[in-house]
Amino acid sequence: MVQTTIERPQATLPCHFLPCGHNPNFYGRITILQDIQDALTVRDDDSRIRSVALWGTGGIGKSQIALEFASRQDSAEVPIILWIPSEKETEVASAFNKAAQKLNLPGVLPSNTPDRNRDLVLEFLQRTGQLIILPHKFLLTCILDAKWLLVFDNVEKNTNLLPIWPTTGHGNIIVTCRSEFRVNALVDKVVEVPTFTILEGRDFLLKMVAQRATTPADLDIAKQLSDRLGGLALALEIIGKQIKARKTTVENFLPFYNRNRQAMNKEPKRGPKNPYYDKDIETVWETSFINLGPEASRFLMLLCLLAPTDVPEGIFTQGKDLPEDYLFLNNELMIDEAKLELVDLSLITVNGETCLISMHRLTQQAYFDRMSLEDRREAFKVLIDLLQDSFSRTAGRHLYTRWKLCSSLIQHVQALVDRYIELGNIDFFAPFEPLTYLIANAYLQETGAFMASEELIKAAFLNCNDKDSLAYAWLADTAGTIHDRQGHGYLAFDLDSDALRIHEEKSTAGSVELANAYSAVGVQLTSLWRAAEGVEYQMKAIANSPTEHDEKLKFNLDRYLRNRARSYFVLGNYEASKADLKDSEYWQTLIHGTDSHYHGESAYMLGKIAALENRLDEAFTYLQRAADLMSVGKPTHGSVGAAKFQQGVVCMLHQKEEKDMEALRLFRDALSIAQMNEAGKGTQADSARVKWRMSQVMERQGMAAEAKGFREAADATKRKLLATGLFAQGSGEEQEYDSLVGLLYR
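All residue numbers here refer to positions counted from 1 along the written sequence of the relevant chain. pLDDT decides what is reported in this predicted model: residues at 70 or higher carry local features, side-chain atom pairs at 80 or more are listed and counted, and totals for whole chains, interfaces and linings draw on all residues regardless. Hydrogens and waters are ignored; side-chain quantities use all the structure's heavy atoms.

1. Details of the overall build of the protein chain
As a reminder of what qualifies: Each helix is a run of H or I in the DSSP string that is no shorter than four residues. Each strand is a run of E no shorter than two, and both are numbered from the N terminus. Burial here depends on accessible area, computed with a 1.4 Å probe over protein chains only, as a share of the maximum for the residue type. Under 20% is buried, over 50% is exposed, and the range in between is partly exposed. Two residues form a contact once any of their heavy atoms are found within 4.5 Å. Accessibility throughout is a Shrake-Rupley quantity obtained with a 1.4 Å probe, and a residue counts as covered only by protein chains that appear here.
Regarding its fold elements, the protein chain presents 31 helices and 12 strands. Here the protein chain, with 746 residues, has 54% of them falling under the buried criterion. Contacts in the protein chain between residues at least 24 apart in sequence constitute 70% of all its contacts with a sequence separation of at least 6. A total of about 32,800 Å² of accessible surface is found on the protein chain, and carbon and sulfur atoms cover 51% of it.

2. Examining the packing of helix 18 (residues 470–485) against helix 19 (residues 489–506)
Defined as follows: Every angle, taken between N-to-C directions, lies between 0 and 180 degrees, and every axis is a line fitted to C-alpha atoms, over only the stretch in contact when it is a helix. For this classification, under 35 degrees means roughly parallel, over 145 means roughly antiparallel, 65 to 115 means roughly perpendicular, and everything else is oblique. The crossing is said to be left-handed when, going from far helix to near helix, the turn is anticlockwise and less than a right angle, and right-handed when the turn is clockwise. As a working rule, the residues Ala, Val, Leu, Ile, Met, Phe, Trp, Tyr, Cys and Pro are called nonpolar, Asp, Glu, Lys and Arg charged, and the rest polar, with Gly in that last group.
Put simply, helix 18 and helix 19 touch, their axes get as near as 8 Å, and they point 155° apart. Viewed along their axes, helix 18 and helix 19 adopt a mutual orientation that is roughly antiparallel. In this structure, helix 18 meets helix 19 at a crossing whose hand is left-handed. Residues Leu470, Tyr472, Ala473, Trp474, Ala476, Asp477, Ala479, Gly480, His483 and Asp484 of helix 18 pack against Leu491, Ala492, Leu495, Asp496, Asp498, Ala499, Ile502, His503 and Lys506 of helix 19. Across the contact of helix 18 with helix 19, the residue classes break down as 11 nonpolar, three polar and five charged.

3. Section: the pairing of strand 3 (residues 50–55)
How we decide: In this analysis, strands are considered paired if DSSP registers two or more bridges between them.
Of all six residues in strand 3, six are buried, a share of seventy percent or more. Here strand 3 shows two buried faces, one formed by Arg50, Val52 and Leu54 and the other by Ser51, Ala53 and Trp55. Across four bridges, the pairing between strand 3 and strand 9 (residues 189–192) is parallel. Within the sheet, the bridge partner assigned to Leu54 lies in strand 9 and is Val191.

4. So, the pattern of salt bridges
To keep things clear, this is the line we draw: Definition used for salt bridges: Asp or Glu carboxyl oxygen within 4 Å of a side-chain nitrogen of Lys or Arg.
Under the definition given, this model contains 38 salt bridges. Between Arg182 and Asp344 there is a salt bridge, with its nearest N and O atoms 3.9 Å apart. Highlighted residues: Arg182 in the loop between strand 8 (171–177) and strand 9 and Asp344 in helix 12 (residues 332–344), separated in sequence by 162 residues. For Arg182, a relative accessible area of 17% puts it in the buried group. Between Asp203 and Arg202 there is a salt bridge; the shortest N-O distance is 3.0 Å. Counted as one network, the salt bridges with shared partners bring together Glu575, Lys578, Glu613, Arg615 and Glu618.

5. Observations regarding the sheet that holds strand 2 (residues 15–17)
The six strands lie next to each other as 2-4-7-8-3-9, forming an open sheet whose pairing is parallel. A strand with exactly one partner marks an edge of an open sheet, and here the two such strands are strand 2 and strand 9. Put simply, the sheet's adjacent strands are angled 15° from each other on average, direction ignored. The sheet contact formed by strand 7 (residues 148–155) and strand 8 spans six bridges and is parallel. Directly across from Phe152, in strand 8, lies its bridge partner Val175.

6. What about the side chain of Ser739?
With respect to the helices, strands and loops of the structure, Ser739 is situated in the segment after helix 31 (733–738). In this view, Ser739 contacts Gly487, Trp529, Phe727, Ala728, Gln729, Gly730 and Arg746; residues no more than four positions away in its chain are not counted.

7. Considerations on the confidence of the model for the protein chain
Note the cut-off: As a per-residue quantity, pLDDT reports the predictor's confidence and falls between 0 and 100.
Averaged over the protein chain, the pLDDT score is 87; the fraction of residues at 70 or greater is 89%. Taken together, the stretch residues 1–8 has pLDDT below 50 and engages in 19 contacts with residues farther than four places along the chain or on a different chain. The model gives residues 137–143 a pLDDT under 50, and that stretch makes 26 contacts with residues more than four places away or in other chains.

8. Some thoughts on helix 5 (residues 198–209)
The cut-off we apply is this: To estimate how far a helix should extend, the number of its residues minus one is multiplied by 1.5 Å.
Between its first and last C-alpha atoms helix 5 spans 17 Å; for 12 residues at 1.5 Å apiece the expected length is 16 Å, and the two agree. Among all positions of helix 5, only Gly201, Arg202, Phe204, Leu205, Leu206, Met208 and Val209 are buried. At its buried positions, helix 5 is contacted by helix 6 (216–228), helix 7 (233–245) and helix 8 (250–259). Phi turns positive, to about 55°, at Ala210, one or two residues after helix 5.

9. Thoughts on the packing of aromatic side chains
Note the threshold: Ring pairs are drawn from Phe, Tyr and Trp, using the six-membered ring of Trp, whenever the two centres fall within 6.5 Å, and their geometry is named by plane angle: stacked under 30 degrees, edge-to-face over 60, tilted for the rest. A ring is scored as having a charge over it whenever the NZ atom of a lysine or the CZ atom of an arginine sits within 6 Å of its centre and within 35 degrees of its normal.
Within this structure, the stated rule accounts for 16 aromatic pairs. Both rings, one in Tyr27 and one in Phe196, keep their centres 5.8 Å apart while their planes meet at 65°; by these two values the pair is edge-to-face. Of the two residues, Tyr27 sits in the loop between strand 2 and helix 1 (30–40) while Phe196 sits in the loop between strand 9 and helix 5, which places them 169 residues apart along the sequence. With a relative accessible area of 24%, Tyr27 lands in the partly exposed category. For Phe196, a relative accessible area of 7% corresponds to the buried category. Counting every residue linked through ring pairs, the aromatic cluster contains Tyr27, Phe196 and Phe204. Positioned above the aromatic ring of Phe368 is the side chain of Arg376, whose terminal nitrogen or guanidinium carbon lies 4.1 Å from the ring centre. One Lys or Arg, Lys540, reaches over the ring of Tyr537 and ends 4.5 Å from the middle of that ring.

10. Observations regarding the pairing of strand 7
In terms of burial, strand 7 is a largely internal element, eight of the eight residues being buried. Pairing geometry for strand 4 (residues 80–85) and strand 7, over six bridges, is parallel. Paired with Ile81 across the two strands is Leu149, which belongs to strand 7.

11. Focus: the packing of helix 24 (residues 574–592) against helix 25 (residues 597–612)
Running from amino to carboxyl end, helix 24 crosses helix 25 at an angle of 165°, the nearest separation of the two axes being 9 Å. By the angle between their directions, the pair helix 24 and helix 25 is classed as roughly antiparallel. When the axes of helix 24 and helix 25 are compared, the crossing they make is left-handed. Mapping the contact onto sequence places Tyr574, Ser577, Lys578, Leu581, Ser584, Glu585, Gln588, Thr589 and His592 in helix 24 and Tyr598, His599, Ser602, Met605, Leu606, Ile609 and Leu612 in helix 25. The class makeup of the residues in the contact of helix 24 with helix 25 is seven nonpolar, seven polar and two charged.

12. Some remarks on the sheet that holds strand 11 (residues 349–351)
Overall, antiparallel pairing links the three strands, which are arranged 10-12-11 in an open sheet. Of all strands in the sheet, those bounded by a partner on one side alone are strand 10 (311–312) and strand 11. Relative to strand 12 (residues 356–358), strand 11 runs antiparallel, the two sharing three bridges. Considered in strand 12, the bridge of Thr349 is made with Ser358.

13. Considerations on the environment of Ala53
In this structure, Ala53 sits in strand 3. The class for Ala53 is buried, based on a relative accessible area of 0%. The sequence separation of Ala53 and Asp153 amounts to 100 residues, and the corresponding C-alpha distance is 9.7 Å. Every residue in contact with Ala53, bar those within four places of it in the chain, is listed here: Val175, Val183, Val187, Lys189, Val190 and Val191.

Take a look at the structure:
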């Protein structure tokens, strides 16, 4: 007869060898805890060890999640839990040595080396769940029944897990690490630990503070702090302890934090120390920072001056005249190696599909704080050059093919300017002309982010001391275009006139800069309903262009002709307008190729002319071509909304019910685009114009109540905007509404 017995191993059980007890402030992470449970659940047909790795940047809460999972295990079901700190080999050896003593395993002696005790622990773990034949007069088998959980916490790249990884036994393994690449060959599943969402971070902070009463202001400030701290668990915990240590409220703490950010990112000097984690926001990435290679370090310095998210990889391959420390940017393999090093340390992430680089804002701030003043200056200059290449112009011409790229870079130009302003009080740079040119070059008018662009321009004006310099003229030209697109006709005219004054003094006759300046003033005059004068200035721009055919290609002759066509249109001289548009199409095809955005601008004008000449079907077709061409890569651009608006107007001119319904559909599309752009543009002008037209259609179709609501909303916006004095005063209702938008969108 064969007997099988279940034998408890010769060890002191239960043995939950954890760094500390259950954390009462643990919050959330329900989904990840379930992911761990699912990964470690043994299938009926699979008795092998199950393993899972939690990875993410430092301070995100990996160890706390692993500790929470371990603390929830029932000692009867999982009698053995061993926590092995794994940042250094010495920590691993010490932890196994203590675990052997805690288990009180046979063979553990005071004279044993740590390596011997480690081997005893591993042998013991690997024997659990195995069948053992025991010598006896009867044939007996024995199963060592002791389920275990082994946690390797904070595995670094120098930690070799292979010699200490149990290959058999009745247990599971959890690994926490900063990079999935360190363990993905060992574990069954890797789980990325995300930051808290803004609302999760708010609630966690309030839990840490444990205020008796929470006001709406506290909720709002806690939300702001959660956003500022990027949902990083460690940062939120430390800030919560700082608030609690000062016996203040969340609302009252924020101004103090703003003035003392670096000091508040450390553990409070008073009160109990964190038993669960021995690092603060300044030291959590210390090991990673110290071990960076020179190229990875320089690459990270560049990232520290940009916005923390969505940095296009391509901007780092644009370098030409780079300082010695940044010459690696001219070598694709060296750039790639620097990025991989940063990814491996979880200091950055790279989206393989979009090729966008991101990093946690606190990681960014921590490394920026470590940079010397000279490091900051050098990185700043390098970035100015790299971004300037991305925003390059050809003969002062904004290339529509680059709008999408430039739009994605605006936030990074803004971040660079913010750093410049922040460091100004320590003489970071004297007024820096390359920064002025970068902002003037930054395609700001094509991004739709007019409010952000205004702030950039203000900073650049402050940086430009010489109000008679060509740099100042470039800024004035860019600012004038931005204000023109917002409908600020008078302000745009003043700025472009100032730019022209400088160009007439300092730019040579026959230069593209002078021609562009004449054309810009002509646009603003037409926008102010002074179209006859606008024609004169466009003629000056055309006259300033060269006479030779090939030399003309270096200028913006197509633009000058389109702009003069707009002036003729306002004057009612449609034949002259059409002639200019025909000539413009010839030049824009040579310069930009067929079916460009600028062909869309011409089609837009031809559609408006055809509508006024009662060629309605032709007008609608022109405007559809305009919408199609101008929407390529930018379907919510203001020009697309304007084209749909004019299509709606054409439908209204048919004076038919079915066409009115189509007009309403088109106006709704135009309104949707206008409303999407309101935040960036800082005005509801486009929406007001669309609502006014919609009210007319609704009145005609007997929708009196709806018409009244749209009309009142439109009129209220119009009165408010015209009262600012920034907008041209048109003659009649149609001109008044057209005055609220830039000339290109009328």
